[in-house]
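# Survey of secondary and tertiary structure
The lines below spell out each chain.
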Amino acid sequence: MKTWNTYIYILFIFTCISCSNEKIETYVSKPSLLQIPKLFEDNILAPVIPNNNLQTIEGISLGKKLFFDPILSANNTQACADCHALENAFTDTDRFSDGINGAFGKRNSMPLFNLAWNYDEKFFWDGRSFSLEHQAFLPVTDPNEMGSTWIQVEEKLQQHPEYPELFQQAFGTSTIDSTLVTKAIAQFERTLISSNSKFDKYLLGETSLTAEELNGFNIFMDETRGDCFHCHGSDKNPLWTDNIFHNNGLDTVITDLGLGAITGDPADNGKFKSPSLRNLAFTAPYMHDGRFKTLNDVINHYSEGLKNSTTIDPLMKKVAQGGVHLTPQDKADLKAFLLTLSDYEFINNLNFIKP
Amino acid sequence: MKRINFILITCLFTVISCNNDNDDQSERTNITLNFNHNWDETPFTNANFNTIQYTNANGEEMSITKLRYLISNVTLTKPNGETIVLDGYNLVDVTNNTDLSFTPITAIPLGVYSSLSFTFGFNNDANYNNNYTDLNSVSWNVPEALGGGYHYMQLEGKFIDNTSTETGYAYHTIRAVNNSGAIQVFQDTFFEVNLGEVTVSNNSTFDIEINIAEWFKNPNTWDLNTLNNMLMPNFDAQIMMFENGQNTFNLKPIQ
């Protein structure tokens, strides 16, 4: 009996040692599970978290620091947060954002929340980047954005008084490279969860809606009027987007090919990813090119401004008349409903402010 | 040492008892259903999407830009009338070329069955008494105002209308509901697709042929000029779709 015990004991110790061998004297980062909101848990699939980049307290906090740090840009003037500001649900108020050289891109900045629930993991308006980790590679070297090179950024971070230690804590190595930078940023981005709008609280039975807001929701769900739910979520899909690419009838002649430029398939020309309708109160202007300043403009577009083109989505109806022509009352109610999807707790969340 | 023996015995017991369930002498297997599509016998895949190249029974030239539909309740009936219902449902997504093949997890005894059938859509129990996170995630729901539950099919595309304009259509099938009166009136539109007698051998695969043109043909010659959109709340349109659906599915004879 004794020999057995000793044997098992030794075996056990040996296993433990060999597992943690490499990090024997290093700081071990602490796992941090995403807090999945109840409506998400009840209604939709689990978020996407890659096996090789699990969430940790140290990783998230490092990612947050990087997200707010202009060190990622060539001349140390621009952080991710400049175009993705908390008070705007992590987008900005410009039609086109200017990069470090004052040059403008051709697309409106995108809000950042609930990104871990983008199951297809296609990011940007045209879906050209697969995975959040990969997406985070791109702004740093984009000449219209942070205009830097990764070699330069890695070097600056390596020379920094704090970063090497923070990477050590998060990833067990103080040798900084672009892969670890993007992993940390992606971890932080996955924590940006928005789930406390008035409508969420209504669904949870914690508040009630006005008659106008309820009517607005019915218009949203009514195939003969708004018919927004086929692309923009519903009471059963709290993301308020399908994360799929469509042409929603903005132009007759398509200049920005969107998805079509990525796939090379003309049938995809003019298709862009449906944005989430959460947080519209903070995310103007709207559409991939920020052409609409207000929600009234957006609603008028769907109601009577639709433009035909070969790739326009079949769900855009009565295109010859510009749309279904909602009544003024229906338009006002639809807008009132859309605004119930805005989450004031999200934009005031102290976990998301600059460290 | 006694302790260890005890543990060993427990383990052994567990291993044996795991196998127990399936131990009714006969050999079991999983079956696979493959969904193949055609337009009046011309093979159809998502490579044929988006181009106006098909002519429906009413003479409109048309294209398909989206096609997905739900099947559930795969059932095998033994010659003695006993039925085995296989767990699960499958959203066939032709647009993304996914789930064109469905292997239910329930294993069934080999042998001859008097019929293999499945439900197009969901029966009412499956439709209303469950919240399917996977289907919600792909926006497959039906609005509460139309009774809730789920779509059965979404078929979308373009056609040339009688003013020669390229126009969209959204042929979505759901359980029919008439909202015009004081109370909602429902009529079932899910239906059983019976593929007839089958012999199940090890890992049998059944090729099911779906003729998309049938949705526009028989018994109702579909006029897209009048019925192209807003069909979910259109009770009569839903009944016609239900009728036309009856002849779309066939089991491909085994060559």
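These figures come from a predicted structure and were not determined experimentally.

## Some details on the overall build of chain B
Per the secondary structure count, chain B includes 4 helices and 20 strands. Across the 255 residues in chain B, those meeting the buried criterion constitute 46%. If you sum the accessible surface of chain B, you get close to 12100 Å²; carbon and sulfur atoms cover 49% of it.

## Here we look at the domain arrangement of chain A
All names here are of chain A. The domain boundaries assigned to chain A delineate domain 1 (38-193) and domain 2 (198-346). A straight line from the C-alpha centre of domain 1 to that of domain 2 covers 27 Å. Across the contact, 36 residues belong to domain 1 and 30 residues belong to domain 2. Carbon and sulfur atoms make up 64% of the surface buried where domain 1 meets domain 2, a total of about 2600 Å² over both sides. Considering only the side of domain 1, the residues that lose the most area to domain 2 are Leu39, Phe113 and Trp125, jointly responsible for 25% of the buried surface there. On the surface where domain 1 and domain 2 come into contact, there are 3 salt bridges. With its nearest N and O atoms 2.7 Å apart, the salt bridge here joins aspartate 256 to arginine 107.

## Some remarks on the pairing of strand S17 (residues 191-194) of chain B
All names here are of chain B. Only one face of S17 is buried: it carries Phe191 and Val193, and the other face, with Glu192 and Asn194, is open. Where strand S12 (residues 115-120) lies against S17, 4 bridges are found, and the strand directions are antiparallel. Residue pairing across strands places phenylalanine 120 opposite phenylalanine 191, the latter belonging to S17.

## Some thoughts on the UniProt feature "domain: Copper-binding protein MbnP-like" (unreviewed entry) in chain B
This chain's UniProt record puts "domain: Copper-binding protein MbnP-like" (unreviewed entry) on residues 29-228 of chain B. The annotated region residues 29-228 of chain B carries 5% helix and 42% strand content, and the separation between its end C-alpha atoms amounts to 43 Å.

## Comments concerning the interface of chain B and chain A
Chain B puts 30 residues into the contact, and the matching count from chain A is 30 residues. The junction of chain B with chain A conceals about 2400 Å² of combined surface from both sides, 57% of it contributed by carbon and sulfur atoms. The tally of links between chain B and chain A comes to 13 residue pairs in polar contact (both at pLDDT 80 or more). Those elements that provide at least two residues to the side of chain B that touches chain A are helix H3 (133-137), strand S13 (153-160) and strand S14 (166-173) of chain B. Among the elements that line the side of chain B that touches chain A, the one with the most residues is S14 of chain B, at 5 residues. Within the side of chain B that touches chain A, the residues separate by chemical class into 10 nonpolar, 15 polar and 5 charged.

## What about the nonpolar core?
Among the nonpolar cores identified, the biggest contains 57 residues, and Ile31, Leu33, Phe35, Tyr69, Phe118 and Phe216 of chain B are the most heavily contacted of them. Looking at this core, the element that brings in the most residues is strand S6 (residues 66-77) of chain B, giving 6 residues. Every residue in contact with isoleucine 31 of chain B, bar those within four places of it in the chain, is listed here: Val74, Leu76, Leu86, Phe102, Thr103, Pro104, Ile108, Leu116, Val200, Ser204 and Phe206 of chain B. Counting 38 residues, the second-largest nonpolar core is a separate cluster that includes Leu115, Val181, Ala184 and Phe282 of chain A.

## Structural notes on the packing of aromatic side chains
Across all of its chains, the model carries 44 aromatic pairs over all chains by this definition. Between phenylalanine 90 of chain A and phenylalanine 346 of chain A the ring centres are 6.0 Å apart and the planes differ by 70 degrees, which places this aromatic pair in the edge-to-face class. Of this pair, phenylalanine 90 of chain A sits in the loop between helix H4 (80-83) and strand S1 (122-123) while phenylalanine 346 of chain A is found in helix H15 (residues 344-347), placing the two residues 256 residues apart along the sequence. The burial state of phenylalanine 90 of chain A is the same as that of phenylalanine 346 of chain A; both residues are buried. Their ring planes at 55 degrees and their centres at 4.8 Å tell us that tyrosine 171 of chain B and tryptophan 222 of chain B sit as a pair that is tilted. With tyrosine 171 of chain B in strand S14 and tryptophan 222 of chain B in the loop between strand S19 (205-211) and helix H4 (235-245), the pair connects residues that are 51 residues apart, well separated along the chain. When its relative accessible area of 1% is taken as the criterion, tyrosine 171 of chain B is described as buried. On the accessibility criterion, tryptophan 222 of chain B (0% relative accessible area) is buried. Above the ring of tyrosine 163 of chain A, the side-chain terminus of lysine 65 of chain A is found at 5.3 Å from the ring centroid. Stacked on the ring of phenylalanine 124 of chain A, the Lys or Arg arginine 128 of chain A has its end atom at 3.8 Å from the ring centre.

## Re empty space enclosed by the protein
Taken as a whole, this structure holds 6 cavities of 30 Å³ or more when the rule is applied. Space inside the largest cavity adds up to approximately 740 Å³. What lines the largest cavity is a set of 44 residues, among which His232, Asn248, Met287, Val298 and Tyr302 of chain A lie closest to the centre. Going through the elements one at a time, helix H11 (229-232), strand S4 (272-273), helix H13 (295-304) and helix H14 (328-339) of chain A are the ones with two or more residues in the lining of the largest cavity. When residues in the lining of the largest cavity are grouped by element, the largest group, 5 residues, is from H13 of chain A. A per-class count over the lining of the largest cavity returns 24 nonpolar, 14 polar and 6 charged. Split by domain, the residues of the lining of the largest cavity number at least three in each of domain 1 (38-193) and domain 2 (198-346) of chain A. A volume near 50 Å³ is recorded for the second largest cavity. Lining of the second largest cavity is provided by Phe229, Gly233, Ser234 and Asn237 of chain A together with Ser139 and Asn141 of chain B. For the lining of the second largest cavity, the class distribution of residues is 1 nonpolar, 5 polar and no charged.

## A short note on the pairing of strand S2 (residues 32-39) of chain B
Residue and element names in this part refer to chain B. For S2, a buried count of 7 out of 8 residues is recorded, marking the element as mostly surrounded by other parts of the structure. With 2 bridges connecting them, S2 and strand S9 (residues 101-102) associate as antiparallel partners. The residue of S9 that forms the bridge with asparagine 34 is serine 101. Counting the residues between successive antiparallel strands, the hairpin from S2 to strand S3 (residues 42-44) contains 2 residues, one of them, aspartate 40, with a positive phi of roughly 45 degrees.

## Some details on the pattern of salt bridges
One pass over the structure, following the stated rule, counts 24 salt bridges over all chains. A salt bridge links lysine 331 of chain A to glutamate 304 of chain A; its shortest N-O distance comes to 2.7 Å. Of this pair, lysine 331 of chain A sits in helix H14 while glutamate 304 of chain A sits in helix H13, and the two are 27 residues apart along the sequence. A relative accessible area of 19% means that lysine 331 of chain A is categorised as buried. Given a relative accessible area of 31%, glutamate 304 of chain A falls into the partly exposed group. Among the ionic pairs, aspartate 40 of chain B bridges to lysine 217 of chain B, the shortest N-O distance being 2.7 Å. Separated by 177 residues along the polypeptide, aspartate 40 of chain B in the loop between S2 and S3 and lysine 217 of chain B in the loop between S19 and H4 bring together distant segments of the chain. On the basis of relative accessibility, which here comes to 34%, the residue aspartate 40 of chain B falls in the partly exposed class. Through salt bridges with shared partners, one network takes in Lys106, Arg107, Asp126, Arg128 and Asp256 of chain A.

Rules of the game
- Residues numbered from 1 in each chain as written.
- Chains lettered and ligands numbered in written order.
- Predicted model: local features only at pLDDT ≥ 70, side-chain atom pairs only at ≥ 80, totals over all residues.
- Heavy atoms only, no water.
- Helix = DSSP H or I, 4+ residues; strand = E, 2+ residues; numbered from the N terminus.
- Buried < 20%, exposed > 50% of the residue type's maximum accessible area, 1.4 Å probe, protein only.
- Areas by Shrake-Rupley, 256 points an atom, 1.4 Å probe, with all protein chains shown as cover.
- Domains from an automatic or database assignment.
- Contact = heavy atoms within 4.5 Å.
- Buried area = accessible area lost by both parts, 1.4 Å probe.
- Salt bridge = Lys/Arg side-chain N within 4 Å of Asp/Glu carboxyl O.
- Pairing = 2+ DSSP bridges.
- UniProt positions renumbered as here; feature names shortened; annotations may be inferred.
- Polar contact = N/O pair within 3.5 Å; in protein donor to acceptor, adjacent residues only side chain to side chain.
- Nonpolar A, V, L, I, M, F, W, Y, C, P; charged D, E, K, R; others polar.
- Core = buried A, V, L, I, M, F, W, Y, C linked by side-chain atoms within 4.5 Å.
- Phe/Tyr/Trp six-rings, centres within 6.5 Å; stacked < 30°, edge-to-face > 60°.
- Lys NZ or Arg CZ within 6 Å of the ring centre and 35° of its normal.
- 1 Å grid on protein atoms, 1.4 Å probe; cavity = no way out; pocket = protein on both sides within 12 Å on 5 of 7 lines; lining within 4 Å.
- Points joined across faces, edges and corners; volume = space filled by probe spheres on them.

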